[in-house]
Structures are given as structure tokens and as C-alpha cells.
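Analysis of the macromolecular model
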Amino acid sequence: MNLASGKFSSRGEGGLSVRPALAGFVMAALALIISAPAPALAGSCCGGGGGAALVLPKSGEWMLDVSFDMEVYDGYWNREGKILPDAPGSDLKQFRLNPGYAKRIADRWQVSAVIPMVRNENFYENSRTTTFAAGDTTISLLYETFDVVTCVWSVESLEDLVPAAYLGLALTIPTGVSPFDGAERSFDVTGRGFYRLDASASVEKTIWPWTLALSYSYGIHIERPVNREYGHWVEPYNKRLGDRRSFTLAGGYTYFMETDDNITLTISYSDLWEGTATTGGEADPATGLRRRSVSGVLAFSNMDKSFMTKLGYSQAVKQEDWGENFPLTDIVTAGVTYVF
Amino acid sequence: MFSKIAAAMMALTLLAGCGMTDDLAPSGADNRGSSAALAVGDMAPEFTMPDIWGQPHSLTGQLAARRGVVLYFAMWCPICDSHMQSILRGPLKNYPDVDFLIVDYVSGTVEGGKRAAMSGGYAQSPFIILVDERQKVLNTYGATMGTTVVIGKDLVIRMIEDYKSPARLEEALAGL
């Protein structure tokens, strides 16, 4: 069957059944997008550089993924949701190289790890600083609720409407340089300094060539002792960042080429909240954040080699009240994935 | 072949991060006094900086007519804005006999500091906004974004730490 002809067969008629890798790969492309958390708290003032979870296609045993992000700062939302500019003459960027590895450990279970490397570039009128260090590491455990891919070419029964669902746990490990460790300047920060445990649920349905996906995650930061701030030893206290929630809605379209390669375009909307932190048991009213963003990702998959390249762009929506206490950033991402 | 590449990639990543990573088992030990950095009880170094209108301000000059001085180091970011709003609403109102000095260490020039303060909505605020043109004061105090310093009339540092809350700042101000 020529997938580019538009003559899509229903499941079991030769289309999807003989191409499980194709379906799995497209699903993985979508899952990569909806499982990717919004940037932790990136930037010269806030640190960040957390990795995103990886999703291995159903047919894959293990996977290598390398992506490169360039995040450019363009003002920020204050606590009231008003947009304010960065310091005049400033040029603030963060670059992240995210090598990742995923492995299937059972039919429905997979694990992954991403260890980003972060470079901060903070250029102001009177100073130019660059920093290169590890970011925060993410280790994930993912459970698939399905045994065969659920993508269909047409809906002929209720069974064809069953979506694919993923349930996940992710642990963020503070391998980045945080204000509570060796960093002496905010410009050097590449991590938040806290362990975080996220639980996530993702649901997606593909009726070729369209896909709709929904994801929700809830994360809890673990309280930690602090005795140093930017190189200054301070009176010890305990600190805990606020709980974090995120929601993503994504829609995708897959175009099949004559060669059976395919290109998937995904557009998504994400909403991220973080509650107020507590210091010494007291709520810190200056903390907490919200960020709403839209993203587009173009992914090219080569079926024979289980090879995927992706190019993405994410923009914080530059509207008043669409964020709080958070930088406005644009993120360009390019990456490659190879599945074994 | 690919497994070797994967292993090499991970090893490089770990190697690059070696020595730069955060403490994965953080300590709550009280190590104050074990470094050369400025600390509570030290004498505050003198400084002179222009404000965003070009007028010079020195530490001793400010303290001549005031009970104390608060320095807050800002770089016009969301966290700084949040902290400054928090100071405006509480400590600044409750301690009218203390000067609250915002140290802009990124704008570089008086004109740049003025533009930053105006675009941030602080040019006409009760804060005195100073421009640390060459980051000399920033470096002398070992400060960074959010560093808050409370200095008494006797020039002794009463607090030097990352801004935490208005209550914490007022606790230090109450001791002046």
C-alpha cells in the first residue's frame, strides 16, 4: 500500500499492522512533545535546564536521543501578569545540549534518562558572562496501558476509538549548579537545587493522519536544608519549592511520502503553574509562577532506520496575564533520535 | 557501534559535569564564619554610587541622617521585581527612617539605569536607585541578584543574604 496515496486502510488490512514501527514512531514523536516539561526556570536570574522525559516507541528496545535547545529571553511577566522588558541593552540566552537514553525493561515498561549540559550567556551593558555546566537530570519510568499501537486508519468500531495512554513517574535530580551550592552569581546557575518527583498521565489518539494528545503532570519538590546562598554561608534553614502542575494539549498531522518516510507537524499549547515556596516553614509570597506557551514541532521519520529528526519552536505567549513571575522566552529545538 | 557512541556520550556528559554539579545530599550544617565573604557582624565597606538622576550617594552619607540602610541588588528580572514589590508593600512603609537602596548592577550607566527603572515602573518609587557602573560594589559585597544587606548606623552588617520575605527583613530592621 502506498501510504502517500491517501487510500488508508483500516487496522488489520495491511496498513498499520505491517508497519508497527511507523505507528509507534509517530506516537513517540507526539509523546515526546506532550511529555516534555516546560523549561524549569531557565535563565540568568532563575537557573534551570531540566531535561525532558523520553518516550520509546512501542516497537523499540532502546533509544538514543540528542537535542539542542536555544532559549532567548525577551522580557518577563511580573507577579501581576504585566509584561516588563529586560534591562536595556541586555542579551540573555541559554543553550542546552540534552543527551538522553531510553530502554524498554518489560513489554509495557520503559525507563529513560536525560542529562542536559547548559551554557548561559548573559550580556549586559557592563558585563558579559558565560557559564557551562550540567543541568538538572531527569530519570523517568513510563507505563504503557496498551500492548499494540492504537492508531487506526478509520473508525469502524468503538474499539477503534481506544486511545493510547501513558502513566509516568519522573525524578529530577539536582545535578545542576544551584544558588545553594557553588554558584556565586545568579548568572552561573544551571539547576534549581531541589529533587522533584512528577507523576504524569498522557492520552493520545491517532486516526491517520491526525493525532490528538493530552497530558497532565503534577510534581512535588522535596524539602531540603540550605546553609549557603550564592557562596555566602547563612543561618541554616529548610526550603521547599511549590508544587508544579502542567497541562498540554497537542494536535498533529502526519504526511506520508512515497518512500514511506513521514513528516509530522505538531502544534501544542501548554500551561505551567508552580505554587509558592516555603522558607523555614513560612510561605514566600515572592515565589510561584505561571507560563502559557505555544509550540510547533516538525518531525521527520525514516522508517527503515528508525531514525527521526525534529525541529521545534516554542514561544511564551506575549500577552498580559498569560504568565506570572516568569521570563518570556522563545525556544528553538533541534534533535535526532535513533531507535534500536 | 551505537552503544559505544551512547556510552561515550554519557561519559562525556558526566565528565563535563564533574565538579560542577550541585551537592546531591545537601547539608544543613552551620558553617557561618568559615569563609572570607562578608558576613553578619562585619563592617560594611564604604561605597559611592550615582543614582539614576546622576546624584552621588555614599554609604556614610546615607547613614548620617538615617537609622540604617538596606541594599538590594537588582538586575530587572521577575524575581527582583517580586522582591522589590514585597519590600515596597511592607518594610519600606514600616521603616520610614531607613533608606532602601536598589543597586542596579547591570545597566552600566546612569542613563541605562534610568531607562531600566522607568520601564520597570520604579523611577518615581520611594526606592533610591543606584547604578553600580563597574560592578565594584557588587564584587566588594560578594553580592548577586536578590542579595539583601542591612547596615546599621554603626556601619555593622546586620543581615546579608538572599531576600526571603518581608518578615525576615523586618526582623533584621527591628534590631537596628
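Here the focus is the overall build of chain A. When helices and strands are counted, chain A shows 1 helix and 20 strands. By residue count, 54% of the 340 residues in chain A fall in the buried class. Counted over contacts in chain A with a minimum sequence separation of 6, partners at least 24 positions apart contribute 65%.

Ranked by internal contacts, the top residues of the largest apolar core, which has 55 residues, are Tyr 72, Phe 73, Ala 74, Met 75, Ile 102 and Val 103 of chain B. Here this core gets 6 residues from one element, more than from any other, and that element is strand S3 (residues 68–74) of chain B. Once residues within four sequence positions are removed from consideration, Ala 74 of chain B is found in contact with Cys 80, Met 84, Ile 102, Val 103 and Asp 104 of chain B. Counting 21 residues, the second largest nonpolar core, distinct from the first, contains Ile 115, Ala 134, Ala 183 and Tyr 230 of chain A.

What links the strands of a sheet is backbone hydrogen bonding, and the strands pair in either a parallel or an antiparallel sense. Residue and element names in this part refer to chain B. Pairing is mixed in the open sheet, where 5 strands are placed in the order S5-S4-S3-S6-S7. What marks the edges here is a single partner per strand, and that holds for strand S5 (128–131) and strand S7 (157–162). Sheet twist, expressed as the average angle between the axes of neighbouring strands with direction ignored, equals 20°. Strand direction decides the pairing type here: strand S6 (residues 147–152) and S7, joined by 5 bridges, are antiparallel. If you follow Thr 147 over to S7, its bridge partner there is Asp 162. Each of strand S4 (98–104) and S5 touches helix H5 (residues 110–120); the most contacted strand, S5, lies at about 140° to it. Of the strands in this sheet, S3, S4, S6 and S7 touch helix H7 (residues 166–174), which is tilted by about 15° from S6.

We now examine the sheet that holds strand S15 (residues 278–279) of chain A. All names here are of chain A. Pairing is antiparallel across the open sheet formed by 4 strands, whose spatial order is S11-S12-S15-S16. The sheet terminates laterally at strand S11 (224–229) and strand S16 (282–283), the two strands that pair on one side only. Pairing analysis gives 2 bridges linking S15 to S16, with the strands arranged antiparallel. Note that in S16 the partner of Thr 278 across the bridge is Ala 283.

Contact residues are listed per partner, giving 59 residues for chain A and 53 residues for chain B. For the side of chain A that touches chain B, the elements supplying multiple residues, two or more each, are strand S1 (62–77), strand S3 (91–106), strand S5 (117–124), strand S6 (127–134), S11, strand S12 (232–240) and strand S20 (326–339) of chain A. Looking at which element gives the most residues to the side of chain A that touches chain B, the answer is S12 of chain A, with 5 residues.

The subject of this paragraph is the pairing of strand S13 (residues 244–256) of chain A. Residue and element names in this part refer to chain A. Residues of S13 alternate between two faces, with Arg 244, Ser 246, Thr 248, Ala 250, Gly 252, Thr 254 and Phe 256 buried on one and Arg 245, Phe 247, Leu 249, Gly 251, Tyr 253 and Tyr 255 left unburied on the opposite face. Pairing of strand S10 (residues 210–221) with S13, which is carried by 10 bridges, proceeds in the antiparallel orientation. Within the sheet, the bridge partner assigned to Trp 210 lies in S13 and is Tyr 253. Relative to strand S14 (residues 262–274), S13 is paired through 13 bridges, and the arrangement is antiparallel. Its bridge partner being in S14, Phe 247 is matched across the sheet by Asp 271.

Here we come to the environment of Ser 34 of chain B. Inspection of the secondary structure assignment puts Ser 34 of chain B in the loop between helix H1 (2–17) and strand S1 (48–50). The spatial distance from the C-alpha of Ser 34 of chain B to the C-alpha of Arg 66 of chain B is 32 Å, given a sequence separation of 32 residues.

With that settled, consider H5 of chain B. Turning to H5 of chain B, its buried residues number three or more, namely Gly 112, Gly 113, Lys 114, Ala 116, Ala 117 and Gly 120 of chain B. On its buried side, H5 of chain B packs onto strand S2 (83–84) of chain A together with helix H3 (78–89), S4 and S5 of chain B. Where H5 of chain B ends, the next residue or the one after it, Gly 121 of chain B, has phi of about 85°, a positive value.

Moving on, we get to the confidence of the model for chain B. When pLDDT is averaged across chain B, the result is 89; 88% of the residues are at 70 or more. Model confidence for the complex is summarised by a pTM of 0.86, with the ipTM given as 0.84.

Here we come to the pairing of strand S4 (residues 109–114) of chain A. Side-chain positions along a regular strand alternate between the two faces of the sheet. Residues and elements named next belong to chain A. Burial of S4 is one-sided: the residues Gln 110, Ser 112 and Val 114 facing one way are buried, the residues Trp 109, Val 111 and Ala 113 facing the other way are not. Pairing geometry for S3 and S4, over 6 bridges, is antiparallel. Across the sheet, the residue bridging to Tyr 101 is Ala 113, located in S4. Linking two consecutive strands that pair antiparallel, namely S3 and S4, is a turn of 2 residues. Pairing between S4 and strand S7 (residues 137–144): 6 bridges, direction antiparallel. By the bridge assignment for S7, Gln 110 is matched with Leu 142.

Attention now goes to H3 of chain B. All names here are of chain B. Its 12 residues give H3 an end-to-end C-alpha distance of 17 Å, which sits within 8% of 16 Å, the value for a rise of 1.5 Å per residue. Most of H3 sits inside the fold, with 9 of its 12 residues counted as buried. Residues of H3 that are buried include every one of Pro 78, Ile 79, Cys 80, Asp 81, Ser 82, His 83, Met 84, Ser 86 and Ile 87, and no others.

Calculation notes
- Residues numbered from 1 in each chain as written.
- Chains lettered and ligands numbered in written order.
- Predicted model: local features only at pLDDT ≥ 70, side-chain atom pairs only at ≥ 80, totals over all residues.
- Helix = DSSP H or I, 4+ residues; strand = E, 2+ residues; numbered from the N terminus.
- Buried ≥ 20, exposed ≤ 12 C-beta atoms within 10 Å, placed from the backbone.
- Contact = placed C-beta atoms within 7 Å.
- Core = buried A, V, L, I, M, F, W, Y, C linked by C-beta atoms within 7 Å.
- Pairing = 2+ DSSP bridges.
- Axes fitted to C-alpha atoms, helices over the stretch in contact; angles between N-to-C directions.
- pLDDT = per-residue confidence, 0-100.
- Expected span 1.5 Å × (residues − 1).

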